[in-house]
Amino acid sequence: MGSSLESRESFALSSLRLENFRNYCALELSFGEGFHVVHGQNAQGKTNLLEAVHLLSTTRLLRGTKDSDAISHGCTTCKLEGEVGRTSVSIELEVGVRKRAKINGLGLPRAADLIGRLPCVCVSSLDLAIVSGDPSERRLFLDLELSQTHPAYLQHLTLYKRALEQRNALLKLANDSYVDPESFEVWEAQLAEHGQALRLFRLAFVTSLAEIAAGVQADLGEGESLSLTYAPKDEAELQSALAQTRNHDLLRKTTTIGPHRDDLQISVAGTEARYFGSQGQQRSCVISIKMATLQLHAKRLGKAPLLLLDDILSDLDASRRKQLSAWVVKNAGQVILTCTEKELISKKILDKASLFKVECGVVTKE
């Protein structure tokens, strides 16, 4: 199942610089290839460090807060910069201003244009929502992962969201004044064009992911099968369906069909994990899905993405920790792992790892 760490080429972050990000007033770190273990007590800044890397990779914070919430208390701006190969990537956050991104010092039209420079797969306790949460959590997972590896998907997603906002605005306006049907048709045509593209990308991704995830689950799980199915909310041709549901949508003042309402069905041992899976089963599903995503991205990109593991070992029993650690050693490239107790980490990882201790926003390399 994949090549070993020693022979696997991977995307790698070689350095990280932070200014006024969360509880880091100033931080400079260097990273090599392979494993990096960041340890320390709770609320010292371990997850903040991982979140900074995630932000540089995906332009999104790990935790669902406003960008400005990540700026250190009492400050109005913060800056994050990383080196990926010979490329410098940076993001600036400022209160009341949209985030700005640069590559090698040159400003990008949109922060989202940074996506794909440092592909990563992140696993944290928050990811349990992919299985147990609302469909929006699973759509976000699909959007984030596909945007990192398929620039065309990100373009279709951006244009779809713009058309959706315009149609929804017209639906609200039409409740107070007359709106020419042609105004709807313009945006419905764009929703149909880009929505169909999104669905094709998602279907292909989930089909490939499902096969790999089933194998990972067999390795990491306890003999329980895992299946993934992309579930469109409607099967009709999208443009005609939007026209047919327009009166219905006018009453609700929102667009009720399309990819923004689709779901990803996750089943374990033949039952839907969201409703019938135990928390242990749900956690195993998330880990299997994320590890399968790592493999799928590596196959697509020709190099393994950066793997971020945020204190997930403490949630697993000894057997699962051992299985996951062995899988990661065998399949991952560069890994940044946080934990409160180094004793939970396998010797196979510790022997290969660079160690960093975090205390009150100060990181010390051991």
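Report follows, based on the coordinates. The structure displayed is predicted, hence computed values, not measured ones. (Residues numbered from 1 in each chain as written. Predicted model: local features only at pLDDT ≥ 70, side-chain atom pairs only at ≥ 80, totals over all residues. Heavy atoms only, no water.)

### What about the sheet that holds strand β11 (residues 271–272)?
Link 1 in the chain: Ordered by their spatial adjacency, 3 strands build an open sheet running β9-β10-β11, and the pairing between neighbours is antiparallel. The sheet terminates laterally at β9 (226–231) and β11, the two strands that pair on one side only.
Link 2 in the chain: Relative to β11, strand β10 (residues 263–268) runs antiparallel, the two being bridged by 2 bridges. From the neighbouring strand, V268 faces β11, where its bridge partner is T271.
Link 3 in the chain: This element, helix α3 (residues 135–149), spans β9 and β10 of the sheet and lies at about 100 degrees to β10. (Pairing = 2+ DSSP bridges. Helix = DSSP H or I, 4+ residues; strand = E, 2+ residues; numbered from the N terminus. Contact = heavy atoms within 4.5 Å. Axes fitted to C-alpha atoms, helices over the stretch in contact; angles between N-to-C directions.)

### So, the environment of H297
Link 1 in the chain: Examined against the element boundaries, H297 turns out to sit in helix α9 (residues 279–301).
Link 2 in the chain: Each C-alpha atom, one on H297 and one on A326, is 20 Å from the other, the two residues being 29 residues apart in sequence.
Link 3 in the chain: Once you skip the residues sitting within four places of it in the chain, H297 turns out to touch V121, E145, T149, F205, G302, K303 and P305.

### Some words on the packing of α3 against helix α4 (residues 151–173)
Link 1 in the chain: In contact at an axis separation of 5 Å, α3 and α4 are set at 130 degrees when each is read in the N-to-C sense. By the criterion of interaxial angle, the relationship of α3 to α4 is oblique. In this structure, α3 contributes D143, L146, S147 and T149 to the contact, and α4 contributes P151, Y153, L154 and L157.
Link 2 in the chain: Split by residue class, the contact of α3 with α4 holds 5 nonpolar, 2 polar and 1 charged. (Parallel < 35°, antiparallel > 145°, perpendicular 65-115°, else oblique. Nonpolar A, V, L, I, M, F, W, Y, C, P; charged D, E, K, R; others polar.)

### Regarding the packing of aromatic side chains
Link 1 in the chain: For the structure on display, the rule yields 4 aromatic pairs.
Link 2 in the chain: Judged by centre distance (5.8 Å) and plane angle (55 degrees), the ring pair of F31 and F356 falls under tilted. A residue pair is termed long-range when its members are at least 10 positions apart, and F31 in the loop between β2 (24–30) and β3 (35–39) and F356 in strand β14 (residues 354–359) qualify at 325 residues.
Link 3 in the chain: Classification of F356 as buried rests on a relative accessible area of 1%.
Link 4 in the chain: An angle of 65 degrees between the planes, with centres 6.4 Å apart, marks the rings of Y275 and F276 as edge-to-face. We note that Y275, like F276, is exposed.
Link 5 in the chain: Cation over ring: K303 sits above F11, and NZ or CZ is 4.2 Å from the ring centre. (Phe/Tyr/Trp six-rings, centres within 6.5 Å; stacked < 30°, edge-to-face > 60°. Buried < 20%, exposed > 50% of the residue type's maximum accessible area, 1.4 Å probe, protein only. Lys NZ or Arg CZ within 6 Å of the ring centre and 35° of its normal.)

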